[in-house]
Amino acid sequence: MEFLILRFFIIFFLLWFAGEDAVVWAQQRPVDVGVILNARTMAGKRSQTSISMAVDDFYAGHGNYKTRVALHVRDSGGGAVEAASAAVELLKNVEVKSIIGPLTSGEAAFVVQLANKTQVPVVCFSATSPALSLAHNRFFLRATISDSAQVPAIAALVRHFGWRQVVPVYEDSDYGASILPYLVDALRDGADARVPYRSVVASAASDTELDRELYKLMTMETRVFVVHMVSDLGVRLFRRANELGMMAAGYVWIATDGITNAIDLLGVDDTEVMQGVIGVRPYIRSSKSISDFTARFKRRFRIDHPADKPTDPTFYQLWAYDAAWAVAMAVEKTELINSAFRRPESSGNSYSTDLDRLGVNPSGLALRDAISAARFHGLAGEFRLLNGELISPAFEFVNVNGSTAGPIGYWTPTNGLSKQLASTNSGPAGLMSVLWPGYAGAVPRGWEIPTNGKKLRIAVPVKQGFDQFVKVETDPTTNRRRVTGYCIDVFEAVVRELPYAVRFEYIPFENSSQSYDLLVDQVFLRNFDAVVGDTTILASRSEHVEFTMPYTESGVSMVVPMRGSNNKNIWIFLLPLTKELWLGSLCFFIFTGFVVWAIEHRGNAEFSGDLPNQLGTTFYFAFSTLVFSHKENLTSNLTRLAVVIWFFVVLILTSSYTASLTSMLTVQQLQPTVAGMSQLNKTQVKIGYQDGSFVQAMLQQMFPVINLKNYSTPDQYAEALRNGSANGGVDAIFDEIPYLKLFLSEHCTDFTMVGPTYKTDGFGFVFPLGSPLVPDISRAILSVTEGEKMGQIEKAWFGDPSNCPSQSNNLNSSSLTFQSFGGLFLITGAVSALALLLFLTKFIYQEWDELRAATRRHSSMWKKMVAVAKLYYNVDQQPSASKREDDGGVELPYLMGPQSPLSTPSDPSLGDRSSYDTASEDMAGSETLRAR
């Protein structure tokens, strides 16, 4: 009874003094929500104030809601076990429907496992590890930006400035290590940069441990560092780097959002040691809501924690505010009540623990889905979860300059880097001016040869022959080795072109003559820092090392002996023309003679007579045009047209033949003993190559291994080629063009380079994969090769090429080919064919009745064709007095034939030229009578 009376007075008091708001509050049903924070840190205290403000603000604007979030705050103490213990207590005793927090990814990993068991959604606003995701944890929701979301922006920054190597410096924790695989992949794929070293710093590292790790970084070439750690440790790292002189010109420091999000809260002493640092963080647009929240936050923080100095909220407090707002919205949407968890049935096991006795939240799935579906415009921008992750629209780059960190650019997935962030499209590409460490204005190169580091250990090959490229000599007095050669001079000239000094030493590699692949592998195995020598760029080698651009001519060819002049050959007159051209010319001679006979046969007595006489006259006429000695008269203009064109072709053909034969007879002709690869394959001769060259593997694919021989020096090349396969030598030697040119410079009169050239990339200098020296040395090679220096070096080691007759890379036969005269043959063939076609058309027109009469007597096509041919040909076989009647009975003389009035007497006794003229007049009259 006393309890009821007391409760009545309390309600009356609230209604009297609080009015309508108290009535609404009394009607709202509380929903328990846990909050796990590290109350010993400023981040935990600030987050607690932000969450409390979010709940109060939410219900202040929604007084008619039926539910109200009741916060239950627990201290994690900064440890994963303590955070898990606090979560167990909240789930077992309070049976909270959701948990906000904890702060770190390590703590969240434990808490999320409990949440999965009890189906209680965990909303984290500062656990950014990519290892935590909804895909593996059904009840984990991240109301902040994952660390993996910023690595494309960092890669774009590295690509923009052209840095080739980056060293990540990260905290040895779940938070620090989880970003590493994403960062390495983004740098490799998005910036073509590699990670030569990973610097790990303990979370509780002392200054001595920090100095020890920084000293390691100082001795490396790389000067671009990405720092990923919590802000307190990061500031200590920059302070020690500044003490060691690593915040000077030439260094690049990039800070991830773990440091950049809190950079505005740092003091002047801290920002002073971070001058030139570039920070990346999610972009949150400034607004009046944030300004109002900041002012209210300071007042509330002073009330909640009077012993601490109030500060501005960080990005994490904005996300904490939005996370609490989303939970309250979801609680009201699902109309949750504090229903009891479904407890597991007791097994009677005396060893059961609190974890075994945890129940299952019956409304967990509904609440999780409601939080995932929440959409509103919060303090940090648009709140929207996709696959349990908060979507970040953009990232902002800031540069520490003075006591502040000002924006220098933005990055979005669609527009990349831009100086301004527009709502519809990107602003100007790139970044604004950057203050670099050491107050340098020029963009750092990203790497340096460490002055306190060792020299570059450069391996050089040691070989017996071709020492003009690399020559290793031992001084008998000092016993010191001296390295010289063409490749050495080129490398040193290239190094002098670099805008910085490179310290190096040559180390001869004794086993290089066995295989250059073994020499190149030494760089991959880190036994040497580079290889300088006659090393060919190959695809198989470039998988493990990196080559500079080539500095010599590329390709593999073969050298063979030369044979003397062939002017003692009795068949030398056939050599100026190829077989195809001889046969083609013969065919056109015959074709032209046939066309002349076909047109002149019926009207020219010189092409009539018996068959042997016609053949003799026709062939004699055709081949006499070769020397323009023909005597036959041509009566048809069609024949004259065809013959004139043929004369032009004959003139060009004979002139070319004469010039080629004259050259063969008067000029010393040196021809290769082997014309090409086909001849080598047919004859199965011996083939030579150089020791240790990759050419051996190439030749093994083209020739039997038993036919291959290896040599070391140019003199061995010459001796083997002179002996030939029959005397224990070889008939051809395959090698790279630089070696062959050096060999031919010493033996230019006896050997020549022939055959196809197999493409390679020439000689290049070898460095480890991703070496920052490669781009600069490649540019320096261009500078050297384009100037006069390269010519001077080649002349010094290979001699003056003008002192030796020029060698052709591909000597072929000097004979003229059919293709060379294809156009001429096409023209004369077309003109002759056209003339013949016009004549046949005229013939058919004039002899149409006779043709019809001759073909009407036969039924088969073949016999008709034979009859037509006889009508055309047999005209010269008819007697001169033969007659025939036309349709009108008029008897006509047969006008063609040896005894016709048109025939020229072959015997002087038959008459003179006047009788021929009289016969011509009679023929004119006869033609009139034949008209129908």
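Just so it is clear, the structure is predicted and the values come from calculations on it, not from any experiment.

Conventions used here
- Residues numbered from 1 in each chain as written.
- Predicted model: local features only at pLDDT ≥ 70, side-chain atom pairs only at ≥ 80, totals over all residues.
- Heavy atoms only, no water.
- 1 Å grid on protein atoms, 1.4 Å probe; cavity = no way out; pocket = protein on both sides within 12 Å on 5 of 7 lines; lining within 4 Å.
- Points joined across faces, edges and corners; volume = space filled by probe spheres on them.
- Nonpolar A, V, L, I, M, F, W, Y, C, P; charged D, E, K, R; others polar.
- Pairing = 2+ DSSP bridges.
- Helix = DSSP H or I, 4+ residues; strand = E, 2+ residues; numbered from the N terminus.
- Right-handed = clockwise from strand over helix to strand, strands pointing away.
- Axes fitted to C-alpha atoms, helices over the stretch in contact; angles between N-to-C directions.
- Phe/Tyr/Trp six-rings, centres within 6.5 Å; stacked < 30°, edge-to-face > 60°.
- Buried < 20%, exposed > 50% of the residue type's maximum accessible area, 1.4 Å probe, protein only.
- Lys NZ or Arg CZ within 6 Å of the ring centre and 35° of its normal.
- Core = buried A, V, L, I, M, F, W, Y, C linked by side-chain atoms within 4.5 Å.
- Contact = heavy atoms within 4.5 Å.
- Parallel < 35°, antiparallel > 145°, perpendicular 65-115°, else oblique.
- Left-handed = near helix turned anticlockwise from the far one by under 90°.
- Salt bridge = Lys/Arg side-chain N within 4 Å of Asp/Glu carboxyl O.
- Expected span 1.5 Å × (residues − 1).
- Arc of directions from axis to C-beta.
- Polar contact = N/O pair within 3.5 Å; in protein donor to acceptor, adjacent residues only side chain to side chain.
- Patch = residues over 30% accessible without salt bridge, like charges linked within 9 Å, V, L, I, M, F, W, Y side chains within 5 Å.
- Areas by Shrake-Rupley, 256 points an atom, 1.4 Å probe, with all protein chains shown as cover.

Chemist: Give me the lowdown on the layout of surface pockets, citing residues and values where you can.
Modeler: Taken as a whole, the second largest pocket encloses approximately 930 Å³ of empty space. Ala43, Thr104, Val230, Ser231 and Asp232 are the residues nearest the centre of the second largest pocket, which is lined by 34 residues in total. The residue makeup of the lining of the second largest pocket, split by class, is 13 nonpolar, 15 polar and 6 charged.

Chemist: Break down the pairing of strand S27 (residues 708–711) for me, with residues and values.
Modeler: Sheet analysis places strand S26 (residues 687–690) next to S27, joined by 4 bridges and oriented parallel. Looking at S27, one finds that Ile687 is bridged to Leu708. In this fold, the crossover linking S26 to S27 by way of helix H23 (residues 695–700) has right-handed handedness.

Chemist: Tell me about the environment of Leu641, and name the residues and values.
Modeler: Checked against the element boundaries, Leu641 lands in helix H21 (residues 637–666). As for Leu641 and Ala835, which are separated by 194 residues in sequence, their C-alpha atoms are 7.7 Å apart.

Chemist: Can you explain empty space enclosed by the protein? Please cite residues and give values.
Modeler: As enumerated under the stated definition, the model contains 1 cavity of 30 Å³ or more in all. In this structure, the largest cavity spans a volume of roughly 70 Å³. Taken together, Lys463, Tyr516, Asp534, Thr536, Arg541, Gln690, Asp691, Gly692, Ser693, Phe694, Glu736 and Tyr739 make up the full set of residues lining the largest cavity. Tallied by class, residues from the lining of the largest cavity come to 3 nonpolar, 4 polar and 5 charged.

Chemist: With reference to specific residues and values, describe the sheet that holds strand S15 (residues 395–401).
Modeler: Ordered by their spatial adjacency, 8 strands build an open sheet running S7-S6-S8-S9-S10-S15-S16-S17, and the pairing between neighbours is mixed. Each having just a single partner strand, strand S7 (199–201) and strand S17 (416–418) make up the two edges of the open sheet. Each adjacent strand pair in this sheet contributes to an overall mean axis angle of 25 degrees, direction not counted.

Chemist: Describe the packing of aromatic side chains, and please don't skip the residues or the numbers.
Modeler: A full pass over the atoms with the stated rule returns 42 aromatic pairs. On the numbers, 5.1 Å between centres and 90 degrees between planes, the contact of Phe58 with Trp325 is edge-to-face. Placement of the pair is Phe58 in helix H3 (residues 42–60) and Trp325 in helix H14 (residues 315–334), with a sequence separation of 267 residues. Ring geometry for Trp325 and Phe376: centres 6.5 Å apart, planes at 40 degrees, overall tilted. Here Phe376 lies in strand S11 (residues 376–378) and Trp325 lies in helix H14, a separation of 51 residues in the sequence. Phe376 gets classed as buried once you look at its relative accessible area, which sits at 11%. Above the plane of the ring of Phe139 lies Arg368, whose end atom (NZ or CZ) is 5.4 Å from the centre. Directly above the ring of Trp447 sits Arg445, whose terminal nitrogen or CZ lies 5.3 Å from the centroid.

Chemist: Outline the nonpolar core, supporting the account with residue identities and numerical values.
Modeler: By size, the foremost hydrophobic cluster in this structure holds 82 residues, and its most contacted members are Phe125, Trp319 and Phe397. In contact with Trp319, other than residues within four places in its own chain, are Phe125, Ala143, Thr144, Ile145, Asn261, Pro282, Ile284, Ala380 and Leu390. Core analysis: the next-biggest nonpolar cluster, separate from the first, contains 51 residues, Val483, Val495, Ile733 and Leu773 among them.

Chemist: I'd like to hear about the packing of H3 against helix H13 (residues 288–304), residue by residue, with values.
Modeler: Look at H3 against H13: their axes get within 10 Å of each other, and the N-to-C directions meet at 115 degrees. When the interaxial angle is binned, H3 and H13 end up roughly perpendicular. The handedness of the crossing between H3 and H13 is right-handed. Counted together, Met42, Lys45, Arg46, Thr49, Ser50, Ser52, Met53, Asp56 and Asp57 of H3 and Phe293, Arg296, Phe297, Arg300, Phe301 and Asp304 of H13 form the full contact between these two elements. Residue composition of the contact of H3 with H13, by class: 5 nonpolar, 3 polar and 7 charged.

Chemist: Outline the pattern of salt bridges, supporting the account with residue identities and numerical values.
Modeler: For the structure shown, the criterion picks out 27 salt bridges. Linking Arg300 and Asp304 is a salt bridge whose minimum nitrogen-to-oxygen distance equals 3.4 Å. Of the two residues, Arg300 and Asp304 both sit in helix H13, 4 residues apart, roughly one turn of that helix. Exposure remark for Arg300: the relative accessible area of 23% places this residue in the partly exposed category. When the shortest N-O distance is used, the salt bridge between Arg445 and Glu448 registers 2.8 Å. Shared partners join several salt bridges into a network, and the residues in it are Asp56, Arg68, Arg300 and Asp304.

Chemist: Quick rundown of unusual backbone geometry? Include the residues and the values.
Modeler: For the bond from Gly101 to Pro102, the omega torsion is -5 degrees, close enough to zero to count as cis. With respect to the helices and strands, the residue Pro102 is situated in the loop between strand S3 (98–100) and helix H5 (105–118). Of note in the backbone geometry, Glu95 takes a positive phi value of approximately 55 degrees without being a glycine. Along the polypeptide, Glu95 turns up in the loop between helix H4 (80–94) and S3.

Chemist: Give a detailed account of the side chain of Ser47, specifying residues and quantitative values.
Modeler: Tracing the backbone shows Ser47 in helix H3. Among residues more than four places away in sequence, those in contact with Ser47 are Leu37, Leu103, Phe125 and Gln317.

Chemist: Explain H13 to me, using residue names and the numbers behind them.
Modeler: Taking 1.5 Å per residue, 17 residues should reach 24 Å; H13 reaches 24 Å between its end C-alpha atoms and fits that length. Turning to H13, its buried residues number three or more, namely Ile290, Phe293, Thr294, Phe297 and Phe301. Each buried residue of H13 sits inside an arc of 105 degrees when the element is viewed along its axis, so together they form one side. More than 90 degrees from the buried face of H13, the exposed residues found are Lys288 and Ile303.

Chemist: Before we move on, can you summarise the packing of helix H19 (residues 579–600) against helix H28 (residues 822–846) with the specific residues and values?
Modeler: Two elements in contact, H19 and H28, have axes separated by 10 Å at closest approach and are oriented at 20 degrees. Taken together, the axes of H19 and H28 are roughly parallel relative to one another. The way H19 lies across H28 gives a crossing that is left-handed. Of H28, the residues touching H19 (which contributes Leu581, Ser585, Phe588, Phe591, Phe594, Val595, Ala598 and Ile599) are Phe825, Thr828, Gly829, Ser832, Ala833, Ala835, Leu836 and Phe839. For the contact of H19 with H28, the class distribution of residues is 12 nonpolar, 4 polar and no charged.

Chemist: Go over the side chain of Thr128, please, and point to the residues and values.
Modeler: Mapped onto the elements, Thr128 comes out in the loop between strand S4 (122–124) and strand S5 (140–142). Looking at Thr128, its side chain comes within polar contact range of the side chain of Asp147, at 2.9 Å. Other than its neighbours up to four places away in sequence, Thr128 contacts Ser105, Arg142, Thr144, Ile145, Ser146, Asp147 and Tyr175.

Chemist: Could you give me a rundown of a nonpolar patch on the surface, with the residues and numbers involved?
Modeler: Where nonpolar side chains cluster on the molecular surface, the patch consists of Leu586, Ile590, Leu611, Leu615, Phe619 and Phe623 and spans about 510 Å² of accessible area. Those elements giving two or more residues to the nonpolar patch turn out to be H19 and helix H20 (611–624). At 4 residues, H20 tops the list of elements feeding residues into the nonpolar patch. Of note, Ile590 is situated in helix H19.

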